[in-house]
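An overview of the molecular structure
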Amino acid sequence: MATPTPSDATPTHIHSVVTPTHTPSATPTATSSGTATPSATSSGTATLSDTSEFDLASLKRDPGLRRPIWKYPPNARDDIRHEYIRLGACQPQLRRDKYPATEFGTQRRRFQASWFNTFKWLEYSVSKDAAFCFPCYLFESDASSQHAFTIDGFKSWKRVNDNERCTFLVHIGTSNSPHKKAIKSYEGLKNVTRHQSLAEVKKNRLRLRATIEGVRYLSLQACALQGHMNHPFLVNHGHY
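Note that the structure is a prediction, hence the values are computed from the model and not measured. (Residues numbered from 1 in each chain as written. Predicted model: local features only at pLDDT ≥ 70, side-chain atom pairs only at ≥ 80, totals over all residues. Heavy atoms only, no water.)

Ranked by internal contacts, the top residues of the largest apolar core, which has 21 residues, are Phe 111, Trp 121, Leu 122, Trp 157 and Phe 168. Listing elements by their share of this core, those giving two or more residues are helix 3 (115-118), strand 5 (122-125), strand 6 (130-133) and helix 6 (167-172). Once you skip the residues sitting within four places of it in the chain, Phe 111 turns out to touch Tyr 99, Phe 116, Leu 122, Tyr 124, Ala 131 and Trp 157. Ile 69, Ile 85, Phe 134 and Tyr 137 belong to the second-largest nonpolar core, a separate cluster that totals 13 residues. (Core = buried A, V, L, I, M, F, W, Y, C linked by side-chain atoms within 4.5 Å. Buried < 20%, exposed > 50% of the residue type's maximum accessible area, 1.4 Å probe, protein only. Helix = DSSP H or I, 4+ residues; strand = E, 2+ residues; numbered from the N terminus. Contact = heavy atoms within 4.5 Å.)

Moving on, we get to the pattern of salt bridges. As enumerated under the stated definition, the model contains eight salt bridges in all. With its nearest N and O atoms 2.7 Å apart, the salt bridge here joins Arg 86 to Glu 83. Highlighted residues: Arg 86 and Glu 83, both in helix 2 (residues 74-87), separated by three residues, approximately one helical turn. Given a relative accessible area of 57%, Arg 86 falls into the exposed group. Overall, the relative accessible area of 9% leaves Glu 83 in the buried class. Measuring nitrogen to oxygen at the nearest pair gives 3.2 Å for the salt bridge that ties Arg 95 to Asp 97. The class for Arg 95 is exposed, based on a relative accessible area of 54%. Look at the salt bridges and you will find they share partners, linking Asp 78, Asp 79, Arg 81 and Arg 205 into a network. (Salt bridge = Lys/Arg side-chain N within 4 Å of Asp/Glu carboxyl O.)

Our next topic: the side chain of Ser 125. By the element assignment, Ser 125 lies in strand 5. At 3.0 Å, the side chain of Ser 125 forms a polar contact with the side chain of Ser 127. Each residue touching Ser 125, except ones within four places of it in the same chain, is listed here: Asp 62, Pro 63, Gly 64, Ala 130 and Phe 132. (Polar contact = N/O pair within 3.5 Å; in protein donor to acceptor, adjacent residues only side chain to side chain.)

Time to look at helix 2. Its 14 residues give helix 2 an end-to-end C-alpha distance of 21 Å, which sits within 8% of 20 Å, the value for a rise of 1.5 Å per residue. Along helix 2, the positions that sit buried rather than exposed are Ala 76, Asp 79, Ile 80, Arg 81, His 82, Glu 83, Tyr 84 and Ile 85. Positive phi appears at Gly 88, one or two residues downstream of helix 2, with a value of about 90 degrees. (Expected span 1.5 Å × (residues − 1).)

A word on the confidence of the model for the protein chain. Taken residue by residue, the protein chain gives an average pLDDT of 77. The fraction at 70 or more is 68%. The weakest mean pLDDT in the protein chain belongs to strand 2 (residues 36-38) at 41; the strongest belongs to strand 5 at 97. Between residues 6-52, whose pLDDT stays under 50, and residues either more than four places distant or in other chains, the model counts 56 contacts. (pLDDT = per-residue confidence, 0-100.)

Next up on the list: the packing of aromatic side chains. One pass over the full model with this rule turns up 18 aromatic pairs. Each member of the aromatic cluster is reached from another via a ring pair, and the members are Tyr 99, Phe 111, Trp 115, Phe 116, Phe 119, Trp 121, Tyr 124, Phe 149, Phe 154, Trp 157 and Phe 168. Taking NZ or CZ as reference, Arg 66 lies 5.4 Å from the ring centre of Tyr 84, over its face. (Phe/Tyr/Trp six-rings, centres within 6.5 Å; stacked < 30°, edge-to-face > 60°. Lys NZ or Arg CZ within 6 Å of the ring centre and 35° of its normal.)

Shown next, in the form of structure tokens:
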């Protein structure tokens with residue numbers, strides 16, 4: 001009986017395993033501290049390495065000098081909101097004669113510090129001699145067309161003590177007004193700030209971003225999220 005040769009013993013149909021040859025665009029890069037930091041992807045998605053850092057201590061307190069919240073990068077807005085909430089609304093308590101008087105016909109009107117007691121959201125800008133809304137500033141979007149209480153400032157003081165036509169009451173509006181929505185968002189973020197320090201919020205956000213980048217990287221490498229798969233025919237061993 002003939003002994004089969006090696007060529008006879010080899011199966012005629014061999015299933016080859018094709019391994020990915022492309023390199024993911026979100027390849028981690030090492031920082032100076034030796035920690036791997038994911039870089040930006042080719043699609044332009046923001047990652048840890050392109051998150052802008054801001055000196056929160058340099059934020060302007062005067063609402064007339066503040067940069068609109070929607071001009072900050074989206075990744076930085078929550079940190080800025082938390083810091084402004086920590087500082088509180090800008091409500092300088094000046095002597096009555098220190099608020100500039102404005103001529104309205106034969107009358108002279110000026111801002112009154114007592115309005116702070118009635119309208120807790122109210123702010124006053126010394127630089128512009130104008131009133132602003134604190135929650136509306138924090139949650140205004142660039143699509144908003146009403147900037148009187150967020151960017152321009154309001155200073156028609158004769159229209160304040162005008163019963164139901166009071167401009168401050170008109171600004172508050174109905175239950176579904178932009179101001180009421182901003183108040184709701186402000187109260188929600190304020191409650192979070194009470195229970196978590198800014199450092200804790202940033203640390204938790206960093207953990208979440210690192211987890212997302214890790215899952216994205218493993219998915220592009222076709223690696224398992226749990227366990228490992230180091231078969232001899234794979235060319236990219238040791239990823240997990």
